[in-house]
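Structural description and commentary
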Amino acid sequence: MISLNEIKDILSNDDPAFLEMLAQNARSLTEQYFGRTVTLYAPIYISNYCSSHCTYCGFHNHHKIKRFKLSLDQIKQEMQFIASKKIRNILILTGESYEAAPVSYIKEAVLIAQKYFSGISLEIHPLNEAEYLELFLAGADGLTIYQETFDRIRYQQVHLAGRKKDYDFRFHAPERAAQAGFRQISIGALLGLSELAPDLLALYEYLQHMEKNFPGVEYSVSFPRLRPIKGENFSVCDINDLTFVKIICLTRTLFPRVGINLSTRETAFLRDHLVGTGITRISAGSNTAVGGYTVCTEEEASPQFDVNDDRSVDEIINMLKSKNFDPVFTDWRSIKNESI
Ligand code: SF4
């Protein structure tokens, strides 16, 4: 495994010849293992209730935002809308409230999703293995969970209350999900929340640990960048675009077969340029507010983060085709999805 000093050297090396070599290597590995395919997905936020207090998040329990969760009919309506845009991979998200979004509620959402989507992933509060199993058996096949930071001290400083304070319960969640049968697991760190190089090293070591212990799972990583909330900046280091690109290239070099996701937090310009340089999965036509697609107006919505790439699914498809990439809507289908 790469050392901490090697990561630091790469992050601080701005020599154009070195950067070109890093990018070329990432491009050729991406093409070797993923061809010219990019998988598309869309998020659906079904509840923004949260009983945790993470200082850096717009959903935390001290924030006075409009809280609500979708009824089952509203979930169906939102999913029908997303499916009408050709999307077949859905990411179901909730805030971290075990009371407002219990397993039974998430399970109902998964059962509805079964009618419209072939890939159903969850980004929800960490669960125990039996609960993951229940959702897996209902049809969820992917789990996204970010440790935010692997620095325990920093973790305690920014997670002030709620279940999320428990570092270890979150840390071991991917293992419990893998044990329960989840086919696809996505992990990551919130860039800017803590010192970058140690967090990257910890993430890489964790990924290596998962690959070794659960080799049947398909892994991907995400690198969301911390954004200011209401003008307040919680970053301890600035992750500029050049650093971000280096992180993608380095990750691809170290883990040639691992998927790398990129959400609409990032600008259209950056997303377009990173496709093929490591990124293999992008969100499209996203709305990050509960009910944001069809249920509430833009004024009523409280998104978790501002979308920086608001292009429609068709516009993303056209962008990919113009660069000679194939947009992939379905790369997996369970026998329960026969009607899709
Ligand atoms: S990051 Fe998650 S747990 Fe923390 S406040 Fe936001 S929604 Fe709640």
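Residues numbered from 1 in each chain as written. Predicted model: local features only at pLDDT ≥ 70, side-chain atom pairs only at ≥ 80, totals over all residues.

Focus on the site of the ligand
- Neighbouring residues of the ligand: Cys-50, Ser-52, Cys-54, Cys-57, Phe-59, His-60, Gly-95, Glu-96 and Lys-164.
- Taken together, the residues of the shell around the ligand break down into 4 nonpolar, 3 polar and 2 charged. (Near = placed C-beta within 6 Å. Nonpolar A, V, L, I, M, F, W, Y, C, P; charged D, E, K, R; others polar.)

What to know about helix H5 (residues 129–138)
- Those residues of H5 that fall on the buried side of the exposure criterion are Glu-131, Tyr-132, Leu-135 and Phe-136. The buried residues of H5 occupy an angular sector of 140° when projected down its axis, which confines them to one face. Residues of H5 that are exposed and point over 90 degrees away from its buried face: Ala-130 and Leu-137.
- Next to the buried residues of H5 lie helix H4 (103–113), strand E4 (119–123) and helix H8 (173–180).
- Downstream of H5 by one or two residues, Gly-139 has phi in the positive range, about 130°. (Buried ≥ 20, exposed ≤ 12 C-beta atoms within 10 Å, placed from the backbone. Helix = DSSP H or I, 4+ residues; strand = E, 2+ residues; numbered from the N terminus. Arc of directions from axis to C-beta. Contact = placed C-beta atoms within 7 Å.)

Some remarks on the packing of H5 against H8
- Where H5 meets H8, the axes come as close as 8 Å, and the angle between the chain directions of the two elements is 50°. Classified by the interaxial angle, the pair formed by H5 and H8 is oblique. Considering how the two elements wind past one another, H5 and H8 form a crossing that is right-handed. Together, Glu-129, Tyr-132, Leu-133 and Phe-136 of H5 and Arg-176, Ala-177, Gln-179 and Ala-180 of H8 make up the contact between the two elements.
- Residue composition of the contact of H5 with H8, grouped by class: 5 nonpolar, 1 polar and 2 charged. (Axes fitted to C-alpha atoms, helices over the stretch in contact; angles between N-to-C directions. Parallel < 35°, antiparallel > 145°, perpendicular 65-115°, else oblique. Left-handed = near helix turned anticlockwise from the far one by under 90°.)

Quick notes on the environment of Tyr-116
- Locating Tyr-116 in the fold gives a position in the loop between H4 and E4.
- Of the residues examined, Tyr-116 has 20 C-beta atoms within 10 Å and is grouped as buried.
- Residues Tyr-116 and Gln-80, spaced 36 residues apart in sequence, show a C-alpha to C-alpha distance of 7.1 Å.

Looking at helix H12 (residues 313–322)
- All of the buried residues in H12 are Val-313, Ile-316, Ile-317, Met-319 and Leu-320. On an axial view of H12, the arc spanned by its buried residues comes to 160°, and they lie on one face. Across H12 from its buried face, at more than 90 degrees, point the exposed residues Asp-314, Lys-321 and Ser-322.
- Buried residues along H12 sit against strand E1 (37–47), helix H11 (268–274) and strand E11 (326–328).
- The first or second residue beyond H12 is Asn-324, which carries a positive phi of 65°.

What to know about unusual backbone geometry
- Phi at Lys-86 takes a positive value of approximately 85°, unusual for a residue other than glycine.
- As for its placement among the helices and strands, Lys-86 is situated in the loop between helix H3 (72–84) and strand E3 (89–94).
- Positive phi values are uncommon outside glycine, yet Glu-148 reaches one of about 70°.
- Mapped onto the elements, Glu-148 comes out in strand E5 (residues 142–148).

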